[in-house]
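Structural characterization, general
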Amino acid sequence: MSGITPSGHTPSGHTHGGSPHDGGGAHRATAAPIRILIVDDHPVVRDGLRGVLERDPDFTVIGEAGDGAEAVELYERRPADVVLMDLRMPRMGGVEAIKRLLRGDPEARILVLTTYDTDSDVMGALAAGATGYLLKDTPREELTRAVRSASSGQSVLSPAVTGRVLGQVRKPTQGPLSDRELQVLRLIADGATNRQAAAALFISQATVKTHLLHVYEKLGVKDRAAAVSEAHKRHLFQ
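Below: a short report on this structure. Predicted, not measured: the structure shown is a model, and the values here were computed from it.

1. Some remarks on the nonpolar core
V39, V83, M85, I98, I110 and Y133 are the most contacted members of the largest nonpolar core, which totals 30 residues. I38, L49, V82 and L134 belong to the second largest nonpolar core, which has 18 residues in total.

2. Here's the deal with the packing of helix α7 (residues 179-189) against helix α8 (residues 194-201)
Relative to each other, α7 and α8 sit at 130°, their axes nearing to 10 Å. Comparing their axes, α8 and α7 come out oblique. Read as a crossing pair, α7 and α8 show a hand that is right-handed. Here R180, Q183, V184, L187 and I188 of α7 lie close against α8, whose contacting residues are N194, A197, A200 and L201.

3. Some points on the packing of α8 against helix α9 (residues 205-219)
At a closest axis distance of 8 Å, the pairing of α8 and α9 adopts a crossing angle of 105°. Relative to α9, the element α8 lies roughly perpendicular. In contact with N194, R195, A197 and A198 of α8, α9 contributes Q205, V208, K209 and L212. When its residues are assigned to classes, the contact of α8 with α9 shows four nonpolar, two polar and two charged.

4. Some remarks on the environment of L135
Mapped onto the secondary structure, L135 falls in strand β6 (residues 132-135). Put simply, L135 and D86 are 49 residues apart on the chain and 9.7 Å apart in space, counted from C-alpha to C-alpha.

5. What about unusual backbone geometry?
Generally, phi is negative for residues other than glycine and the peptide bonds are trans, each holding for most cases. Its identity as a non-glycine residue notwithstanding, R91 has a phi of 70°, on the positive side. Mapping R91 onto the fold places it in the loop between β4 (82-85) and α3 (94-104).

6. Quick word on α9
Spanning 15 residues, α9 covers 21 Å between terminal C-alpha atoms, matching the ideal 21 Å at 1.5 Å per step. For α9, the full list of buried residues reads V208, H211, L212, V215, Y216 and L219. Take α9 and look down its axis: the buried residues cluster within an arc of 145°, on one side only. Counted as exposed and oriented over 90 degrees from the buried face of α9: A206 and L213. Downstream of α9 by a residue or two, G220 has a phi angle that is positive, lying close to 70°.

7. Some details on the pairing of β6
The two faces of a sheet get side chains in turn, since along a regular strand they alternate between them. Burial along β6 is two-sided: G132 and L134 and Y133 and L135, pointing in opposite directions, are all buried. Handedness of the crossover is the feature at issue here: the chain leaves strand β5 (residues 110-114), passes through helix α4 (residues 119-128), returns alongside β6, and the resulting connection is right-handed. As judged from the two bridges shared by β6 and strand β7 (residues 156-157), these two strands associate in the parallel manner. By the bridge assignment for β7, G132 is matched with V156. Between β6 and its parallel partner β7, the chain crosses via helix α5 (residues 140-151), and the hand of that crossover is left-handed.

8. Section: the environment of D41
Counting through the fold element by element, D41 comes out in the loop between β2 (34-39) and α1 (43-53). Since its relative accessible area comes to 25%, D41 is described here as partly exposed. Residues D41 and M85, spaced 44 residues apart in sequence, show a C-alpha to C-alpha distance of 10.0 Å. Among residues more than four places away in sequence, those in contact with D41 are R46, G66, D86, R88, M89 and P90. A polar contact of 3.2 Å, which involves the side chain of D41, links it to the side chain of H42.

9. Let's talk about the packing of aromatic side chains
As enumerated under the stated definition, the model contains zero aromatic pairs in all. The ring of Y116 has R88 sitting right over it, with the charged end atom 3.7 Å from the ring centre.

10. Some details on the pattern of salt bridges
Following the criterion strictly, the structure yields 15 salt bridges and no others. As a salt-bridge pair, E96 and R100 come within 2.9 Å of each other at their nearest N and O atoms. Of the two residues, E96 and R100 both sit in helix α3, four residues apart, roughly one turn of that helix. The exposure class of E96 is partly exposed, given its relative accessible area of 30%. A salt bridge links E141 to R140, with the nearest nitrogen and oxygen atoms 3.9 Å apart. Each of R46, R50, E54 and E64 takes part in one network of salt bridges that share partners.

Cut-offs used in this document
- Residues numbered from 1 in each chain as written.
- Predicted model: local features only at pLDDT ≥ 70, side-chain atom pairs only at ≥ 80, totals over all residues.
- Heavy atoms only, no water.
- Core = buried A, V, L, I, M, F, W, Y, C linked by side-chain atoms within 4.5 Å.
- Buried < 20%, exposed > 50% of the residue type's maximum accessible area, 1.4 Å probe, protein only.
- Axes fitted to C-alpha atoms, helices over the stretch in contact; angles between N-to-C directions.
- Helix = DSSP H or I, 4+ residues; strand = E, 2+ residues; numbered from the N terminus.
- Parallel < 35°, antiparallel > 145°, perpendicular 65-115°, else oblique.
- Left-handed = near helix turned anticlockwise from the far one by under 90°.
- Contact = heavy atoms within 4.5 Å.
- Nonpolar A, V, L, I, M, F, W, Y, C, P; charged D, E, K, R; others polar.
- Expected span 1.5 Å × (residues − 1).
- Arc of directions from axis to C-beta.
- Right-handed = clockwise from strand over helix to strand, strands pointing away.
- Pairing = 2+ DSSP bridges.
- Polar contact = N/O pair within 3.5 Å; in protein donor to acceptor, adjacent residues only side chain to side chain.
- Phe/Tyr/Trp six-rings, centres within 6.5 Å; stacked < 30°, edge-to-face > 60°.
- Lys NZ or Arg CZ within 6 Å of the ring centre and 35° of its normal.
- Salt bridge = Lys/Arg side-chain N within 4 Å of Asp/Glu carboxyl O.

This is how it looks when you write it as structure tokens:
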């Protein structure tokens, strides 16, 4: 993959100099190395990241954590300029850790580095307040560039993640299903054909098809099976 795109802004009042908790949340001085906390449940991954980052004199790894809870504890004792955060870990995952870190330090810079790029993972992390989102196949040069960008408060997304975010933004508004749409979908889930659903609801087959099209659009799916599956995931039939 090429070209992680930093496309964000530097939060107002965010300067560099000293600890994040010195002088009302100011960060490191320009000449000082960027202090990094690595959070990943695999020791080999942590070792590899430390090796990559500490080859660069602009970086220093000040700590490692094997899960989100340990990361929160370490950050409270010794705040970092950038936290490299995995998502799926035992005891406490990355999303919850992001929320807790930001609760303690609203100006914390947290860069997700994970193998997972599903819509729910990406949007969940960004909604929690992650500064950026990278995948673990990111080249070394792009990783170091992203860490520098994150340390200055810029949002950083890998190209694959950028596409997913744009896809979510461009989706049409997905409102709740109407009572009639839910009735039709429930009948379909029970195995009814369009003809049988129409007869049960005393409406035409054309109306059933129209309701189903609205259901597909609202649930973000393309067919009956996917609509039923998504409805079960959202507990719409309860």
